[in-house]
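Chain by chain, the residues:
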Amino acid sequence: MAKGDPSTLVNVFKDLGLNIPPENRQEALAAAADFIKEQILSRSAEGKTSVAGGRWKRSLSKEYREKKEAETGVGFANMELSGEMLDALEVMPEGDKIRIEVGGDQVDKAEGNLLGSYGGSPDPEKAREFMPHVRGQKLHRQILDGLAELLQDYVEDPGGK
């Protein structure tokens, strides 16, 4: 996976240390995928990263902020001016993991946000890491905590009940 590649696999069972029995995995993964997408969209709307230790430049240039405020009523970076990039966000089970990706004609826009490059050289100070995109990155702790709570219904009962 390249540093700005808007496609990654996350292993939520491993990241959370959960033992989900095989008969519950697909249902648990589907529930987790829905939750992750909801959280990425919600955190992005608030101008917050979904990546543990991730970067998010909230400020906008004066010209762009004025345009964005006029069109959306929001004056900070939340990636919702046209909504096309976040509409292209897909979160789905793949094997025993979950794939998070932005595809189609929105790949370059997603990469620009993730790297802070926006058609130029990458600049970490301008990055908006709305999803994990570098090997080893994890979802934000608040998302993982919510997943842990959600997935408790699918965990194997150690007592065998």
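One can find the structure itself at the top, above this paragraph.
The rules behind these values
- Residues numbered from 1 in each chain as written.
- Predicted model: local features only at pLDDT ≥ 70, side-chain atom pairs only at ≥ 80, totals over all residues.
- Heavy atoms only, no water.
- Buried < 20%, exposed > 50% of the residue type's maximum accessible area, 1.4 Å probe, protein only.
- Helix = DSSP H or I, 4+ residues; strand = E, 2+ residues; numbered from the N terminus.
- Contact = heavy atoms within 4.5 Å.
- Polar contact = N/O pair within 3.5 Å; in protein donor to acceptor, adjacent residues only side chain to side chain.
- Axes fitted to C-alpha atoms, helices over the stretch in contact; angles between N-to-C directions.
- Parallel < 35°, antiparallel > 145°, perpendicular 65-115°, else oblique.
- Left-handed = near helix turned anticlockwise from the far one by under 90°.
- 1 Å grid on protein atoms, 1.4 Å probe; cavity = no way out; pocket = protein on both sides within 12 Å on 5 of 7 lines; lining within 4 Å.
- Points joined across faces, edges and corners; volume = space filled by probe spheres on them.
- Nonpolar A, V, L, I, M, F, W, Y, C, P; charged D, E, K, R; others polar.

1. What about helix α5 (residues 107–115)?
Next up, step 1: Taken together, the buried positions of α5 are Ala110, Gly112, Asn113, Leu114 and Leu115.
Next up, step 2: Those residues of α5 hidden inside the fold are in contact with α4 (84–87) and β3 (97–102).

2. Notes on the side chain of Asn113
Next up, step 1: Topologically, Asn113 is positioned in helix α5.
Next up, step 2: Side chain to side chain, Asn113 and Tyr118 meet in a polar contact 3.5 Å long.
Next up, step 3: Ignoring sequence-local partners within four residues, the contact set of Asn113 consists of Met79, Met85, Tyr118, Ala127, Arg128, Glu129 and Phe130.

3. Considerations on the packing of helix α2 (residues 22–45) against helix α6 (residues 141–151)
Next up, step 1: Running from amino to carboxyl end, α2 crosses α6 at an angle of 150 degrees, the nearest separation of the two axes being 10 Å. For the element pair α2 / α6, the angle class is roughly antiparallel. Read as a crossing pair, α2 and α6 show a hand that is right-handed. Residue-level inspection shows Ala28, Ala31, Ala32, Phe35, Ile36, Gln39 and Arg43 of α2 in contact with α6, the latter providing Gln142, Ile143, Gly146, Leu147, Leu150 and Leu151.

4. Points about the layout of surface pockets
Next up, step 1: What the largest pocket holds in volume is close to 450 Å³.
Next up, step 2: Classifying every residue of the lining of the largest pocket by side-chain character gives 7 nonpolar, 6 polar and 7 charged.
Next up, step 3: Taken as a whole, the second largest pocket spans an internal volume of roughly 280 Å³.
Next up, step 4: Lining the second largest pocket we find 14 residues, and of these Thr8, Leu9, Val10, Asn11 and Gly136 sit closest to its centre.
Next up, step 5: Of the residues forming the lining of the second largest pocket, the biggest block, 3 residues, is contributed by strand β1 (residues 7–10).
Next up, step 6: A per-class count over the lining of the second largest pocket returns 5 nonpolar, 4 polar and 5 charged.

Just geometry here; none of it tells us what the structure is for.
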